[in-house]
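Summary of the model geometry
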There are 2 protein chains.
Amino acid sequence: MPTLSVFMDVPLARKLEGSLLKIYKQDNHTHKTFLAYKVCLNSEGEPWTSSVVPKIRLQISRDPSLDYEYMPEMGMKSFIQSSLELLFGKHNQAIMENRVGGLHTVGEAGAFQLGAQFLKTWCQDSQTVYIISSQKEHHGLIFQDLGFRVYEHSFWNSKQLCVDPDMLLDVVEQAPHGSIFVLGNIGNCKLTQNQWVNLLSTMKIKQIFPFFDIPCQGFLTGDVEDDTRFLQYFVCHGFEFFCSQFLSKSFGIYDEGVGILVVVTLNNQLLLCVLSQLKTISRALWLTPPTMGARIITSILSNPALQGEWKQSLKGVVENIMLIKEKVKEKLRLLGTPGSWEHITSQTGTHSYLGLNFQQLEYLVKKKHIYIPKSGRINFTCINASNIDYITESINEAILYTKEVNDF
Amino acid sequence: MPTLSVFMDVPLARKLEGSLLKIYKQDNHTHKTFLAYKVCLNSEGEPWTSSVVPKIRLQISRDPSLDYEYMPEMGMKSFIQSSLELLFGKHNQAIMENRVGGLHTVGEAGAFQLGAQFLKTWCQDSQTVYIISSQKEHHGLIFQDLGFRVYEHSFWNSKQLCVDPDMLLDVVEQAPHGSIFVLGNIGNCKLTQNQWVNLLSTMKIKQIFPFFDIPCQGFLTGDVEDDTRFLQYFVCHGFEFFCSQFLSKSFGIYDEGVGILVVVTLNNQLLLCVLSQLKTISRALWLTPPTMGARIITSILSNPALQGEWKQSLKGVVENIMLIKEKVKEKLRLLGTPGSWEHITSQTGTHSYLGLNFQQLEYLVKKKHIYIPKSGRINFTCINASNIDYITESINEAILYTKEVNDF
């Protein structure tokens, strides 16, 4: 009798949208284009790295004084400290009051996993999570797998083609008391003073717990401080919150997932309790986080000259993104493509909505071999001199074709 | 009214035995000694690193052809392949039959977390875990937190002062059908041919699922192949199993937790299903594992000259461990310490039982400031020329003192 397998009931797992890249790779079309890379590309279409990183990597490798012992379970202390100062500014009220801390995590998935496990156990009144659709994979799935009720929402107004803070306000108003809100690019939202007041007071009244997501500080405005200034509002208004601070993208060291789960509490005593519980969870997840990436980042952040050079390189990235967006808009204008394309340049960051509908996106993927996620949110750094004409002409074609079909 | 904290019910987490190190660090005694380090120390008392590692680290940092893109979710393919070949040998039957695979994990905690989560979901008949006491923290706690019933056992016979395979056989015979056995240093057990036959057939009949733990291949015998030869028995006998392969210790790069969760199944189709589910879990844990450590290890394993140099460095470590153990035994003999100390040299590996009872251990910790875990299992590489006299004299004292008290 043949032995039965322990694994006989295990099916193949369903694939996530990550497999778009797989389909793209198998495509043999000459002009195939992938606009959904997570990483920021440079003008040669290669993953961008801050110019300051390679020399620091070399310097670290040459340093005979470094040992390669296990890190403490919290991770590298100096790394956490300099990253928190980067996020909040050195003289932030909460830092001065010793009520901000963090655990060094394995990337952003690690930060969300850690935070979600903590909330599952210790905040049982907060088991409903609101998350922006484009973050459902992967962050939303982490909460879902742990048994949270996860609702998707969006503040991209696809009719008016703009980021619409009122959409966020509506969702907050309707959410159950004590919900968790995963808030990504809220700094991108351009809330008016009035909208901020509204948002903060509604969140306060409903005891909404914010779980911020800072995936690439500096990539929105080119200024690291501007990018996270909104966190101050929450600190000043006495909010407690978690924040996933992901640093790999801002330095261009994607292969070393360097993250922090940032914790802000009302006082130091609460912070110590929360951190101690988080340490227990992280011990079971990875014991101690790997250090190479954290070492590189700490070396840069703790040296003013290097930090200056790094910030300069971020400015370069953001200028380049704006240039690409301007060019796309201009090309579409020259082609006479129907519609206004202002929304392309009014959005900030590497990833922005193209503002196309489902039919148009499908046309681009199926007819033009241009791979775009279903959300229609593309990575603009995937566009460069060698593909911009093909992409803009294809967008024009998609719009004319679907217009024709719909008019017919 | 002051705001209430979301975290008001969160207590400080209880501490694990890791805090022994904390107590040691706070101790001001001149001769304080810590014998519980996890890492292998060199004769200067510094964490050991294979001599081949620093130059490879430098070489990698200098290589302009490397990109730092996200790794695939499975981890570095070349790393997994060369590590599996290291574990099983290139021409292993299961490798040839494409029914061995692995996922690159963040250290050994990551491998156990991943494997345990999988077993929790997909092998619901296997929810009882047997683990050796010295591995209860941290691996056992991972299973426990996920809801497994965890039983501790030991095959250290504290009366006869030897590793006793019959103790393992007894536990296997009494364990419920379908239990999971976390098997660490079974290669250290010196089973006779007969005992192997017994063990394998009992495990087969009772459908015991082995979850092997290879924390430092090469550190037992100095020969990487000898250390894991026992895995062949399980492969040949048609077992399916998991194995945590931890590579950081064998190379001396402790700060980069480099691990693999190895999977052996009955055929390739089952393997693909299991790996696909594991990938789903790891996506939520850390998305992609960090690569620096894996890059270093792959560079060494894929180059025969470097691999030879690395293996030579392992031999040096093991020779040094044996030398330390011989010296400890000899010193105790010269001191006229009662008892036979053969068990010190008959055990292999960095960590071995001193063979002291609770009273004697307590005497060493409290009176002599020599920090030893409760299990009495110490890291022999913590002993060097500068502390061996103090340690052996203290052991002698502890034995004479407790003998006196007990005789009284």
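1. Here's the deal with the side chain of Ser244 of chain B
Residues and elements named next belong to chain B. With respect to the helices and strands, the residue Ser244 is situated in strand E9 (residues 241-246). We classify Ser244 as buried; its relative accessible area is 0%. Residues within four places of Ser244 in sequence aside, it is in contact with Glu108, Ala111, Phe112, Phe211, Phe212, Asp213, Ile214 and Ile260.

2. Focus on the pairing of strand E4 (residues 149-153) of chain A
Residues and elements named next belong to chain A. Looking at chain direction, strand E3 (residues 128-132) and E4 are connected through five bridges and run parallel. Within the sheet, the bridge partner assigned to Ile132 lies in E4 and is His153. At this point the chain moves from E3, through helix H6 (residues 136-145), to the parallel E4, and the crossover so formed is right-handed.

3. What to know about the relation of the copies chain A and chain B
In the superposition of chain A on chain B (RMSD 0.0 Å, axial shift 0.0 Å), the rotation amounts to 180 degrees. The symmetry that links the two subunits is that of a two-fold axis. Of the residues that chain A buries at the interface, 100% are likewise interface residues in chain B, meaning the two copies contact each other through the same surface.

4. Some thoughts on the confidence of the model for chain A
On average, residues of chain A carry a pLDDT of 93, and 99% of them reach 70 or more. Confidence estimates for the predicted assembly give a pTM of 0.94 and an ipTM of 0.92.

5. Some details on the packing of helix H14 (residues 304-335) of chain A against helix H17 (residues 388-407) of chain A
Residue and element names in this part refer to chain A. At a minimum axis separation of 10 Å, H14 and H17 run at an interaxial angle of 50 degrees. Compared by their axis directions, H14 and H17 come out oblique. Crossing geometry of H14 relative to H17 is assigned as right-handed. Of H17, the residues touching H14 (which contributes Lys327, Val328, Lys331, Leu332 and Leu335) are Ile388, Asp389, Thr392, Glu393, Ile395 and Asn396. Of the residues assigned to the contact of H14 with H17, the class counts are five nonpolar, two polar and four charged.

6. Quick notes on the interface of chain A and chain B
Counting residues at the interface gives 67 residues for chain A, matched by 67 residues for chain B. Carbon and sulfur atoms make up 65% of the surface buried where chain A meets chain B, a total of about 6,100 Å² over both sides. The largest share of the area that chain A buries against chain B comes from Phe7, Tyr68 and Tyr70 of chain A, three residues that together contribute 14% of it. Seen at the junction of chain A and chain B, the total is two salt bridges. The partner of Asp255 of chain A in a salt bridge is Arg295 of chain B, with the nearest N and O atoms 2.9 Å apart. The interface formed by chain A and chain B includes 25 residue pairs in polar contact (both at pLDDT 80 or more). Sorting elements by how many residues they give to the side of chain A that touches chain B places helix H12 (residues 268-285) of chain A first, with 10 residues.

7. A short note on unusual backbone geometry
Note the cis peptide between Glu137 of chain A and His138 of chain A, where omega equals 5 degrees. Looking at where His138 of chain A falls in the secondary structure, it is placed in helix H6. A positive phi angle is found at His369 of chain A, which is not glycine, with a value near 60 degrees. If you trace the backbone, His369 of chain A turns up in the loop between helix H16 (358-368) and strand E12 (370-371). We note that Asn98 of chain B has phi near 55 degrees; this positive angle belongs to a residue other than glycine.

8. Brief notes about the nonpolar core
Counting residues in each nonpolar core, the largest one holds 184 residues, and the members touching the most others are Phe88 and Phe241 of chain A together with Phe88 and Phe241 of chain B. Dropping the residues within four chain positions of it, Phe241 of chain A is found in contact with Phe88, Phe209, Pro210, Phe212, Leu231, Phe234, Val235, Val262, Val263 and Val264 of chain A. Leu261 of chain A together with Phe7, Ala116 and Leu119 of chain B belong to the second-largest nonpolar core, a separate cluster that totals 72 residues.

9. A word on the pattern of salt bridges
Counted by the stated rule, this structure contains 24 salt bridges over all chains. The shortest N-O distance in the salt bridge between Asp226 of chain A and Arg229 of chain A comes to 2.5 Å. One salt bridge in this structure joins Lys329 of chain B and Glu326 of chain B, with 3.9 Å as the shortest N-O distance. Of this pair, Lys329 of chain B and Glu326 of chain B are both found in helix H14 (residues 304-334), three residues apart, which corresponds to roughly one turn of the helix. Overall, the relative accessible area of 17% leaves Lys329 of chain B in the buried class. A network of salt bridges, in which partner residues are shared, links Glu326, Lys329 and Glu342 of chain A.

10. Notes on the sheet that holds strand E3 (residues 128-132) of chain B
Residues and elements named next belong to chain B. The strand order across the open sheet formed by seven strands is E2-E10-E9-E8-E7-E3-E4, and the pairing between neighbours is mixed. Edge positions in the sheet fall to strand E2 (100-106) and strand E4 (149-153), since each has one partner strand and no second. On average, adjacent strands in this sheet sit at an angle of 20 degrees to one another, irrespective of strand direction. Here four bridges tie strand E7 (residues 180-183) to strand E8 (residues 209-214), and the two strands are oriented parallel to one another. When the bridges of E8 are listed, Phe181 appears paired with Pro210. Most of the contacts of helix H3 (residues 77-88) go to strand E10 (residues 258-264), to which it runs at about 70 degrees, and overall it touches E2, E8, E9 and E10.

11. Some thoughts on helix H16 (residues 358-366) of chain B
All names here are of chain B. Along H16, the residues classified as buried are Gln360, Leu361, Tyr363 and Leu364. All buried residues of H16 fall inside an arc of 155 degrees around its axis, so they share one side. Every exposed residue of H16 that faces more than 90 degrees away from the buried side is listed here: Phe358 and Lys366. Of the surrounding secondary structure, the elements contacted by the buried residues of H16 are strand E12 (370-371) and helix H17 (388-407). Looking at where H16 begins, the residue whose side-chain oxygen comes 3.2 Å from the main-chain nitrogen of Gln359 is Asn357.

Thresholds applied
Residues numbered from 1 in each chain as written. Chains lettered and ligands numbered in written order. Predicted model: local features only at pLDDT ≥ 70, side-chain atom pairs only at ≥ 80, totals over all residues. Heavy atoms only, no water. Helix = DSSP H or I, 4+ residues; strand = E, 2+ residues; numbered from the N terminus. Buried < 20%, exposed > 50% of the residue type's maximum accessible area, 1.4 Å probe, protein only. Contact = heavy atoms within 4.5 Å. Pairing = 2+ DSSP bridges. Right-handed = clockwise from strand over helix to strand, strands pointing away. Least-squares fit on C-alpha atoms with pLDDT ≥ 70 in both. pLDDT = per-residue confidence, 0-100. Axes fitted to C-alpha atoms, helices over the stretch in contact; angles between N-to-C directions. Parallel < 35°, antiparallel > 145°, perpendicular 65-115°, else oblique. Left-handed = near helix turned anticlockwise from the far one by under 90°. Nonpolar A, V, L, I, M, F, W, Y, C, P; charged D, E, K, R; others polar. Buried area = accessible area lost by both parts, 1.4 Å probe. Salt bridge = Lys/Arg side-chain N within 4 Å of Asp/Glu carboxyl O. Polar contact = N/O pair within 3.5 Å; in protein donor to acceptor, adjacent residues only side chain to side chain. Core = buried A, V, L, I, M, F, W, Y, C linked by side-chain atoms within 4.5 Å. Arc of directions from axis to C-beta.

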